[in-house]
Amino acid sequence: MNGGPDAAGPLTARWLPGADGPFLVVKSTQTVVATGWERLGRSVPVGAVEDPLLDENLARRLQNALAGNPEEFADIPLPAGTPFQQACWEKARGIPPGCTLSYGELADSIGHPRAYRAVGQAMRRNPLPIIVPCHRVVRGGGGLGGFSGTSCSGSPGMMIKARLLREEARWRAGIASDL
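This structure is a prediction, so every number in the text was calculated from the model and none was measured. (Residues numbered from 1 in each chain as written. Predicted model: local features only at pLDDT ≥ 70, side-chain atom pairs only at ≥ 80, totals over all residues. Heavy atoms only, no water.)

**A few points about the overall build of the protein**
- When its secondary structure is counted, the protein shows five helices and six strands.
- Listed by position from the N terminus, the elements making up the protein come as β-β-β-β-α-α-β-α-α-β-α.
- For 179 residues, the compact-globule formula gives about 16 Å, and the C-alpha radius of gyration of the protein, at 16 Å, lands near that figure.
- Overall, the protein is about 45 × 40 × 30 Å in size when its C-alpha atoms are taken along their principal axes.
- For the protein, with 179 residues in total, the buried portion stands at 44%.
- Contacts in the protein between residues far apart in sequence, at least 24 positions, make up 57% of those at least 6 positions apart.
- Roughly 8,900 Å² of accessible area belongs to the protein as shown, and the carbon and sulfur atoms make up 53% of that amount.
- Of note, the protein has its 19 positive side-chain charges centred 8 Å away from the centre of its 16 negative side-chain charges. (Helix = DSSP H or I, 4+ residues; strand = E, 2+ residues; numbered from the N terminus. Rg over C-alpha atoms; globule rule 2.2 N^0.38 Å. Buried < 20%, exposed > 50% of the residue type's maximum accessible area, 1.4 Å probe, protein only. Contact = heavy atoms within 4.5 Å. Areas by Shrake-Rupley, 256 points an atom, 1.4 Å probe, with all protein chains shown as cover. Lys, Arg positive; Asp, Glu negative; His and termini not counted. Charge placed at Lys NZ, Arg CZ, Asp CG, Glu CD.)

Listed below in C-alpha cells is the structure:
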C-alpha cells in the first residue's frame, strides 16, 4: 500500500482482534486509508507508527462489524479511486446488512449494465473492506464471487466473505423476528 492523495500526513496503524484473525486499520491525520486482514496479506505500511490506542470509537465499530453486527461508516470518506470505482464503492455502502447485490445488478444500478467485470475489479481494489462492505457484492445466481483479490472457494478470503454474509443474515433475521 502506498500513501495516495487521501494519505496526507503521518500514518498510524492498529491491529484489531477478529474471528478471522488480526484486522489492520491504517489512518492518516485526515481519514482511514486502508483496512484488511493479516491473513490476506495486509501489513503495516513502511513508515506507519503502530498505535494500540488509535481511535477507540472506530475500533469498537469495526470489531462489531467484523463480528457480523453491522455498523454504519458513512462518516468515513470513500478512498481515492476512479469515478467508476467511487460509484461502485458508494453503491456497495448502500447495500443493507444481510442483503447482497450481484456484480451485474450493481453495474446496472450505476448506469453501466454491461460492466459487471469492472464492478468486480472495483470491489477487488477496495482498500477499505468492512467500511465499504464489498463482501455484500456477489456473483449472479448466488455464487460468492471473489473477495480481497481471491476467487478460490477454499481460500481464506472466500471463507471470510461467507462468514460475514452468514453473520449479517443472522443479524438481519434477528431484527426481523423482533418486529
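**A closer look at the pattern of salt bridges**
- Across all of its chains, the model carries seven salt bridges by this definition.
- With its nearest N and O atoms 2.6 Å apart, the salt bridge here joins Arg163 to Asp20. With Arg163 in helix H5 (residues 156-177) and Asp20 in the loop between strand S1 (12-16) and strand S2 (23-27), this pair connects stretches of sequence that are 143 residues apart. Like Arg163, the residue Asp20 is buried in the burial classification.
- Ionic pairing is found between Asp75 and Arg61, a salt bridge with its closest N-O pair at 2.7 Å. Placement of the pair is Asp75 in the loop between helix H1 (56-66) and helix H2 (83-93) and Arg61 in helix H1, with a sequence separation of 14 residues.
- By relative accessible area, which is 54% here, Asp75 ends up exposed.
- Classification of Arg61 as buried rests on a relative accessible area of 8%. (Salt bridge = Lys/Arg side-chain N within 4 Å of Asp/Glu carboxyl O.)

**Things to note about the packing of H2 against helix H4 (residues 116-124)**
- Two elements in contact, H2 and H4, have axes separated by 9 Å at closest approach and are oriented at 80°. Comparing their axes, H4 and H2 come out roughly perpendicular. On the side of H2, the interface is formed by Phe84, Gln85, Cys88, Trp89 and Ala92, while H4 contributes Ala118, Val119, Ala122 and Met123.
- Of the residues assigned to the contact of H2 with H4, the class counts are eight nonpolar, one polar and no charged. (Axes fitted to C-alpha atoms, helices over the stretch in contact; angles between N-to-C directions. Parallel < 35°, antiparallel > 145°, perpendicular 65-115°, else oblique. Nonpolar A, V, L, I, M, F, W, Y, C, P; charged D, E, K, R; others polar.)

**Here we look at the pairing of S2**
- The element S2 is largely enclosed, with a buried count of five among its five residues.
- Side chains Phe23, Val25 and Lys27 of S2 all project onto a buried face; the interleaved residues Leu24 and Val26 project onto the opposite face, where all are buried too.
- Of the strand pairs in this sheet, S1 and S2 are connected by five bridges, and their pairing is antiparallel. Paired with Thr12 across the bridge in S2 is Lys27.
- Between S1 and S2, which pair antiparallel in sequence order, lie six residues; one of them, Gly21, sits at a positive phi of approximately 100°.
- The sheet contact formed by S2 and strand S3 (residues 32-37) spans five bridges and is antiparallel. Its bridge partner lying in S3, Lys27 is registered against Val32.
- Hairpin connection, S2 to S3: the antiparallel pair is bridged by four residues. (Pairing = 2+ DSSP bridges.)

**What about the sheet that holds strand S4 (residues 49-50)?**
- Here four strands make up an open sheet; going across it, the order is S3-S2-S1-S4 and the pairing mixed. In the strand order of this sheet, the two ends are held by S3 and S4, each with one partner.
- Pairing between S1 and S4: two bridges, direction parallel. Pairing of Ala13 across the sheet is with Glu50, part of S4.

Purely geometric stuff here, so don't read any function into it on its own.
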